[in-house]
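# Chains, contacts and geometry: an overview
One letter stands for each residue in the lines below.
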Amino acid sequence: MSWFHQNIKILEKIDPKVAEIIKKELLRQELTLELIASENFVTEAIMQAEAQVLTNKYAEGYPGKRYYGGCENYDLLENLAIERAKKLFSAEHANVQPHSGSQANMAVYFAFLEPGNKVLAMDLSHGGHLTHGSPINFSGKLYKFIHYGVEKDSEVLNYEKIRKLALLHRPKIIVAGASAYPRKIDFAEFRKIADEVGAYLLADIAHIAGLIVAGLHPDPVPYADFVTTTLQKTLRGPRGGLILCKKEFAEKIDKAVFPGVQSGPQMHIIAAKALTFLLAKTREFKDYQKQIILNTRTLAQKLSEKGFRIVSGGTDNHLLIVDLRQNNITGKEGQEILEEANIVTNKNTIPFDSQSPFITSGIRLGTPCVTSRGMKEGEMEEIALYIQQALEKKEIKQKVIDICKRFPIYE
Ligand SMILES: *Cc1c(COP(=O)(O)O)cnc(C)c1O
């Protein structure tokens, strides 16, 4: 970990308090099992790209059309990131400036909706995201969202029901995508529905982008008018967003991002985005994504064998939802008990949950982080056992620390 100590030396001298907190956080990451499905551990190279002099510059505008002087290197960098993103996703146009996944979605809405317009998206309590019309989010305040959900018995999407909702409400945009849905999403089916009602199709692949570029999940790019994603989840890049779209929408999307919802782009993050797109084309990345799927499937299977109920009966992707009702604990309690044993998860609503989003009946488990550490199926079996034992209030924290020590994140 010499690079880490090297990197923090100056900060330690000038601000020992902040440096101390960062060192504590490194230790926390190394010694806990991180199972939060939306997180990942970036490589040292990504952190190196993020932590550069590029942070110093305002580069408002786009390559060749900046508002400030001195942007020649930023033009080179942003063009490189755009070209790599287009190539990676086989997309006609890419905007690499969104500061986050939420701002990517905001830009698409701003470009193609007027306040009060209708949008059809997935219900939050069934796996949708805040920006898919939560009443406490800008999306739910500005637009009229109608929500589709999963079936009560199978807990998977029913495209015929989504089609009926679309025909009934005639939304201007249909959003396909989720934060807590363990099954594949059929973007071709969504396209058919959107065409039938004359709606735009937005595919929000924030969680599954890594799986998609590795060819392990259906690809929305041929079907969707706009694709939004984050980079920090399965793509294993810096915190930030990306919008892909058809050429005909490029101008509107670019204007919505800047000057519509953002001003200066974070060029140091765009450097790390360019690197993320390069790495995502490698053989190693594809193998990594394959291992994520194997690990998640194994974890679901082992938990199921131990008597846990897995929402929808399993998983096709990087996450699974455990229904804790039959264990007589809430999602909130489950999260807290596991955290005592150094297993970090998040409480999550299950479909048709009778508990509030602050309590919930389930927990969401994802494997991108533990897979980044090099863990495989054997370790998933161990983790399933530790989850069971921790929830039975057995003392297993030391075992969790031991497995973490066997798989250091940063050498
Ligand atoms: C994570 C997520 C986002 C938002 O990403 P942020 O970078 O946290 O703003 C948007 N949509 C979905 C489906 C997500 O899971």
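The structure under discussion appears in the preceding block.
Here we summarise the structure given alongside this text. Everything numeric here is computed off the predicted structure, so don't read it as measured data.

Cut-off values and rules
- Residues numbered from 1 in each chain as written.
- Predicted model: local features only at pLDDT ≥ 70, side-chain atom pairs only at ≥ 80, totals over all residues.
- Heavy atoms only, no water.
- Near = heavy atom within 4 Å.
- Polar contact = N/O pair within 3.5 Å; in protein donor to acceptor, adjacent residues only side chain to side chain.
- Areas by Shrake-Rupley, 256 points an atom, 1.4 Å probe, with all protein chains shown as cover.
- Helix = DSSP H or I, 4+ residues; strand = E, 2+ residues; numbered from the N terminus.
- Nonpolar A, V, L, I, M, F, W, Y, C, P; charged D, E, K, R; others polar.
- Pairing = 2+ DSSP bridges.
- Axes fitted to C-alpha atoms, helices over the stretch in contact; angles between N-to-C directions.
- Contact = heavy atoms within 4.5 Å.
- Buried < 20%, exposed > 50% of the residue type's maximum accessible area, 1.4 Å probe, protein only.
- Patch = residues over 30% accessible without salt bridge, like charges linked within 9 Å, V, L, I, M, F, W, Y side chains within 5 Å.
- Salt bridge = Lys/Arg side-chain N within 4 Å of Asp/Glu carboxyl O.
- 1 Å grid on protein atoms, 1.4 Å probe; cavity = no way out; pocket = protein on both sides within 12 Å on 5 of 7 lines; lining within 4 Å.
- Points joined across faces, edges and corners; volume = space filled by probe spheres on them.

Taken together, 13 residues are adjacent to the ligand, and Gly101, Ser102, Ser179, Asp204 and Lys233 come closest. At 2.9 Å from an oxygen atom of the ligand is found a main-chain nitrogen or oxygen belonging to glycine 101. A distance of 2.8 Å is found between an oxygen atom of the ligand and a side-chain nitrogen or oxygen belonging to lysine 233. Coverage of the ligand by the protein amounts to 86% of the 380 Å² it exposes when considered alone. At 3 residues, helix 6 (residues 101–112) tops the list of elements feeding residues into the shell around the ligand. Classifying every residue of the shell around the ligand gives 2 nonpolar, 9 polar and 2 charged.

The next thing to look at is the sheet that holds strand 14 (residues 346–348). Pairing is antiparallel across the open sheet formed by 4 strands, whose spatial order is 11-12-15-14. Looking at strand neighbours, the two that pair on one side only are strand 11 (309–310) and strand 14, the edges of this open sheet.

Turning our eyes to something else, we now look at the sheet that holds strand 6 (residues 144–148). If you trace the 7 strands from one edge of the open sheet to the other, you get 4-10-9-8-7-5-6, paired in mixed fashion. Bordering the open sheet on either side are strand 4 (93–95) and strand 6, each of which pairs with just one other strand. On average, adjacent strands in this sheet sit at an angle of 20° to one another, irrespective of strand direction. Note: strand 7 (residues 173–177) against strand 8 (residues 200–204), 5 bridges, orientation parallel. By the bridge assignment for strand 8, alanine 176 is matched with alanine 203. Packed onto the sheet, helix 5 (residues 72–89) meets strand 4 and strand 10 (241–245) and runs at close to 130° relative to strand 4. The strands touched by helix 6 within the sheet are strand 6, strand 7, strand 8, strand 9 (226–230) and strand 10, with strand 9 carrying the most contacts at an inclination of about 160°.

As for its position among the elements, asparagine 95 is in strand 4. Looking at asparagine 95, the relative accessible area reads 2%, which means it is buried. A distance of 2.8 Å separates polar atoms of two side chains, one belonging to asparagine 95 and the other to aspartate 254. When neighbours within four sequence positions are excluded, asparagine 95 is seen to be in contact with Tyr62, Leu242, Ile243, Ile253, Asp254 and Val257.

Right, let's talk about the pairing of strand 12 (residues 319–323) for a bit. In terms of residue burial, strand 12 counts as a mostly covered element, since 5 of its 5 residues are buried. Where burial is concerned, the two faces of strand 12 agree: the one with Leu319, Ile321 and Asp323 and the one with Leu320 and Val322 are both buried. One ladder, built from 2 bridges, connects strand 11 with strand 12; its direction is antiparallel. Paired with isoleucine 310 across the strands is valine 322, a residue of strand 12.

Together, Leu11, Val18 and Ile22 make up a nonpolar patch on the protein surface, roughly 190 Å² of accessible area in all. If you trace the backbone, isoleucine 22 turns up in helix 3 (residues 16–31).

The calculated volume of the largest pocket comes to roughly 890 Å³. Lining the largest pocket we find 27 residues, and of these Gln29, Val42, Met47, Glu50 and Tyr410 sit closest to its centre. Listing elements by their share of the lining of the largest pocket, those giving two or more residues are helix 1 (2–7), helix 3 and helix 4 (44–50). Of all the elements, helix 3 adds the most residues to the lining of the largest pocket, at 5 residues. Surrounding the second largest pocket, 24 residues form its lining, Leu124, Gly128, Leu130, Thr349 and Pro357 being those nearest its centre. In terms of residue count, strand 14 provides more of the lining of the second largest pocket than any other element does, 3 residues in total. When grouped by side-chain class, the residues that make up the lining of the second largest pocket number 7 nonpolar, 14 polar and 3 charged.

It is worth stressing that arrangement in space is one thing and function is another; only the former is reported here.
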